Structure formats: structure tokens, C-alpha cells
Amino acid sequence: MEVTKVINATRDFKIGEVETHALRGVDLSIENGEFTALVGPSGSGKTTLLQLIGLLDQPTSGQVFINGKDATRLNRNQRADLRKGTIGFIFQFFALIPTLTAYENVEMPLLLNGTKPAERKARVNEMLQAVGLSDRAHHRPDQLSGGQQQRVAVARALSIRPTVVLADEPTANLDTENGKQVMDIMARLNKETGTTFVFATHDPRVIKYASRVVTLRDGLIVENNGSSPK
Amino acid sequence: MNQLLKMAFRDLGRNKRRSILSALAVSIGTTLLIFMAAVLRGEFRGALQNGIRLQTGHLQVRAESYDENKVSLAWEDLIDNPAQITNQLEALPQVLDATPRLIASGILSLGDHSRGVQVIGMDPASEANQIFRQGVIAGDFLTGDDREGILIGKPLAERFGLSAGERVNLLINTSNGEVDEQLFTIRGIYTTNVFPYDENTVFMPLAKAQTFAGAENHASLIFVLLKDQEQAETVAAALTSSNYQIQTWRDLNALSVQFEQFAGAYMIIFYLIILGITATVVTNTLVMAVYERTREIGILSAIGMKGRRIMSAFLTEATLLATGGVVGGLILGGLITAYVAKVGLIIPAAQGVTGILLGDKIYPYLTSQDVISLTIVAYVITLIASLYPATLAARMEPVEALHAQ
């Protein structure tokens, strides 16, 4: 079953008088349970494509479907609603709220989804255990290492049991050991929970985890070794 | 809501110095508002009470044709046999004291110096006039049978260089439209701490004033003090007569009341300036916070927090700032007001405005109504000031916010 589909998406940016074509007509379909890597050099359009799939941005033209729903027809609030119940995010920088503890960071998406307190508590504890940070639950981000922070971000992304988790260069700011730990956890959770993962990277050590690799260059998909678009 | 409060509280703690300074700005603003409101209210409350206790009483009974601006001493403009109506008034349960007064225009002169004064003939034994007995700072108070003594105010004594026991010439208009003059002895010097009153008012016993002015058994008015000033209208209604005019303290101090309203409107400008400065500080603080936390706003937006909730987060932060500031301001403003209300705020050479008796000190007076309204105003202004930064945060595009440095 398709969890997300991108049809002929383009994305243009205009900075001053200069127009940049970040995506030039991309077609991509992601099936449930995939562990897909978007690869390519800097400026190839990986992050832009992830942002379109994650409904953080709108294509200049084309369509983006999430669970069969055309997200390009949704307004800002409807996109936020769809995001909070469907999509988990892991960013390159350790995107945690610095004033909240690890527990509270993982709990935040559940609060936004209106999950009941007892279930919320159970899920947060389950996710922190899954990423091996039960003993760091009440530490704030500045009391955690980079690797630990990124594991909290993984727990947060998965706490809502999303349809798809989007990770933008999840290991770029981690050393080899921590990067491996994070990727191992993501791969394990993909297998154990069947959650779909799409991650952008240009790190060969990360690419090897992927069950499918989609290569972009100059805003176009130039290689797609998994299922074909559409 | 709980989570929003928790986040807002912790966010304020991220830059403690800035948060404290912002709350301090709200505090100082609230303190100034509280204090100024109390000073203004105290000033006019004091002026009104001075007017009542010295000049108007709670009620005045006058002859129907009496015009206080003309200070007429013609018998037809005066109350005949004032003792009779005074006794009737004193029999009323609401009345604390009623006493006749004869008022004449006069000129006090000594050598080359002279000054126009208001001469009041009064009953020295009356309860309502004990304020002048208590205010005697040199010499003695008058007695009812004194035929040569007068009581003058401290500023007048200083102006003429007079001491108790010295003699001075007093000229007054009389009932037959002429003038008469006589040498009087300064029996005593008084102060009511109301400069314009003390500077212009000379007292003598009623009987002597009646003789001197040719008014015989007449009085200009009956000065009435009530046990409760709020009963003035009720008592006035009960006293209605075709022979007399009954004036209440509200009628007689209309200028004070009007001036208070005018000053109140003027003070709004002052309040707006203070609140404008406070609002600018709060806006500045929160705009800085929004820019510092742009990436966090992007994260929250990415995980599904809607603009309205992001806005609520910043408004919650502003509410906490306002709470700290307003509570601090209320405490500080309350303490300053309480202290100044005890010692009084000295007004240098308070000349007052014609018809308004400002004392030489203002005793700030804070009402619960002022506290409530100013607290609400301070809160509302702080929240309005935070609307711009909160909206700024709420409208951020997640993808742009996430890429902020």
C-alpha cells in the first residue's frame, strides 16, 4: 500500500532576482514498510523532496499524496493536522525543545494529538525504552550527548505511531559510533513495527541500511532501484 | 494548557535577566499607575474634604435670595433669627452639628499694607468650628463674647508680619450698603494647612460680626455637618422650603468634582505614556524571544503544533510576565502609596485653583476600584503588546523556521 506518492512535483525558489529550480518534476511512490534512502550530492533536492513529503512545504506544481489524500489541496492548518497524526520527523540537527526533558519531548506530539494521559505515559516509556534511554527520561537536551539527543528525536518521531518517518541527514552531526547506533535503532524499529522510513543522506555507511535507494541529481530522480513511481 | 504553562515558565527562565527586566518594566509601570492614581484621587478627595469641613459643610441653608458671589448683607438676603432654624436642624437625627455664619467682605490693613479678606462671624463654641480652635498656633481661640478679637490665618499673619496680641484695622461692608471699620486685636493665629483659605479668611464671633456689619440677628447661612455625608440629598429633600434654599455639598463643590473629571481625563494621557513604554519593553522582549527560538517554532510546527497554539504559547509567556510585573507593581505601588499616605506629599506653596481648597500636603488614597481597573489595564496592555510577537511566531512557515540559524 502506498503511504506517500509524489507526482510531477516541482519546487522553485526565488532569492532576489535569481530563481532556483530545486525540483524539476519528480515522481516517487513510497510503499508501506519501506526503508528508503534519498541520496545525492548537496543541492540535488533531497531535503526539498523530504519537505514536500512531510507537508512542511508546498510544491510549485505537481501533487503530493499522503495515505491517498491530496495534501496540495489542504490549507496550512489541515496540513498541520495531517502531519501531527501521520508523519514523524528526525532532523539533522538535534531538534529537541531545550526547555523540555527527554520524556516531555517525546510526549509533545502525543499531547498535540490529544492522546489520553495513561496511554501517553505508556507510549513515552515504551519509546524511550526502545531507544535505550529510559534512564535519561528526565534529563534535558543539554544534559544528553548528541547521539542520545538524536535517539530521543527518533523516539519522538515514532511515539505517534506514524505512517511514515522522514529523516533528513539523521547521522550528519554524529560520530561513527553514535551514527551507527541511531541507524541500528531506526532499522530495528522499521522491522519490528513496520513503520515506513524515508531518509536523506550522502553517507555511504547509512545508505547500506536502506532497502531501497533513490538517487537525485539537479532536482531530478536519476536512479531508483526500488519500486517505480506511480 | 498545563504543558503551555510549563513551557512558558521555563522559556522565561532561559534568559532570566531579560525576563526579570521586562517584568520589572511592567512592575514600575504598574507602580507609577497605582501611585499616580492614588495621588490624584487623594488630591481631589482632600480638596473636597477641605471644602466641606472649612467652607461648605454637608448642607447649607440660606435665604432664598442669597447669592454667595455677591456676599450680600442686606437683611432680605439673610436668615432672620438663625438660632431658631439651627435648633430645628440640630433636632434632626442625621445632623451632627448646625451653626450659623455671617459672611462679609472686608479689607485688613496695617500701615501701608492692606489685603481683601473674607470675614466670617461664627459661633466659637460650635462643634463644626472646633477645627479652627485645634488649628490655633499662636495666641488663643475666640470666645463668644469677645468684642475686639479676631482670628487670622498664618499666611496672612506672615504677610503682615503680625503676631498674636497686635492690633490691626479691619474694614467691612455693612447691611445698609456702607462700610465700617474698627481696630481689632489679633486674638490668635490659626492654620488649617490650606493655604488659600488661611490667607483669605478672618474670623470673629458671630455676635460681634452681626453688630459690626449691622446685621443684628441675621446670618448668611446655616452651616450643617451630617453624620453621614451620603444622606445630604435625603435631608435636603426633607428640608425643602420656599423661604430658604438648601444646598448640598455636591452642589457647593461642583467645581472640585468637575476639576477631578478634567484631571482624570488629562491623566489618561500620562497613563498611556507609561503603558506605552511598558508595552514597548514587553514587545521587544518577546520579539527577541521569537527570533531566538525560530528553529524551535519550526520544530513544534513540524510535529503538528498549529499557529493558534504557538500564539497561545507566547501569550502564556506574556501572561506570566504580566503576572510577575503586575503583582510586583501592586505590592511596590501599594507600599509606596501607604507610606506617602502616612507622611503626606508636600506641595510647595499650594495656591490652589479658585474654588478648590488644596491642602499643603496630598495624602494619596487608593480605592479597590482603582486597583482592579489598573490591574486589568496593565494585563490587557501587556497582552496587546505581546500580540505582535505571538502573531509573528504563529505565522512562521515551518520550512523557513527550521532553517533559521
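Residues numbered from 1 in each chain as written. Chains lettered and ligands numbered in written order. Predicted model: local features only at pLDDT ≥ 70, side-chain atom pairs only at ≥ 80, totals over all residues. Heavy atoms only, no water.

**Observations concerning the overall build of chain B**
Logical step 1: What chain B contains, in helices and strands, is 14 helices and 14 strands.
Logical step 2: Relative to its length of 405 residues, chain B is extended, with a C-alpha radius of gyration of 31 Å against a globular reference of 22 Å.
Logical step 3: Overall, chain B is about 95 × 45 × 30 Å in size when its C-alpha atoms are taken along their principal axes.
Logical step 4: Counting all 405 residues of chain B, 51% fall into the buried class. (Helix = DSSP H or I, 4+ residues; strand = E, 2+ residues; numbered from the N terminus. Rg over C-alpha atoms; globule rule 2.2 N^0.38 Å. Buried < 20%, exposed > 50% of the residue type's maximum accessible area, 1.4 Å probe, protein only.)

**Structural notes on the side chain of A:S159**
Residues and elements named next belong to chain A.
Logical step 1: With respect to the helices, strands and loops of the structure, S159 is situated in helix α5 (residues 146–159).
Logical step 2: Overall, S159 belongs to the buried group, its relative accessible area being 0%.
Logical step 3: For S159, the side chain forms a polar contact with the main-chain oxygen of V106, separated by 3.4 Å.
Logical step 4: Contact partners of S159, with chain neighbours within four places excluded, come to V106, P109, L110, R123 and M127. (Polar contact = N/O pair within 3.5 Å; in protein donor to acceptor, adjacent residues only side chain to side chain. Contact = heavy atoms within 4.5 Å.)

**Some remarks on unusual backbone geometry**
Logical step 1: Its identity as a non-glycine residue notwithstanding, A:N8 has a phi of 45 degrees, on the positive side.
Logical step 2: With respect to the helices, strands and loops of the structure, A:N8 is situated in strand β1 (residues 2–15).

**What to know about the confidence of the model for chain B**
Residues and elements named next belong to chain B.
Logical step 1: When the pLDDT values of chain B are averaged, the result is 89; 98% of them are 70 or greater.
Logical step 2: No element of chain B has a lower mean pLDDT than helix α1 (residues 2–14), at 83, and none a higher one than strand β9 (residues 201–205), at 96.
Logical step 3: Of the two predicted TM-score estimates for the complex, the pTM is 0.75 and the ipTM is 0.89. (pLDDT = per-residue confidence, 0-100.)

**Details of the interface of chain B and chain A**
Logical step 1: Residue-level contacts link 26 residues of chain B with 28 residues of chain A.
Logical step 2: Approximately 2,400 Å² of surface area, both sides summed, lies buried where chain B meets chain A, with 61% of it carried by carbon and sulfur atoms.
Logical step 3: When the buried area of chain B at its contact with chain A is split by residue, B:R10, B:I303 and B:K306 rank highest and sum to 26% of it.
Logical step 4: Here chain B and chain A share four salt bridges between them.
Logical step 5: A:R76 is paired through a salt bridge with B:E397; the nearest N and O atoms lie 3.0 Å apart.
Logical step 6: Counting every contact that joins chain B to chain A gives 10 residue pairs in polar contact (both at pLDDT 80 or more).
Logical step 7: Listing elements by their share of the side of chain B that touches chain A, those giving two or more residues are α1, α11 (294–302), α12 (307–343) and α14 (398–402) of chain B.
Logical step 8: Here the residues of the side of chain B that touches chain A sort into 11 nonpolar, five polar and 10 charged. (Buried area = accessible area lost by both parts, 1.4 Å probe. Salt bridge = Lys/Arg side-chain N within 4 Å of Asp/Glu carboxyl O. Nonpolar A, V, L, I, M, F, W, Y, C, P; charged D, E, K, R; others polar.)

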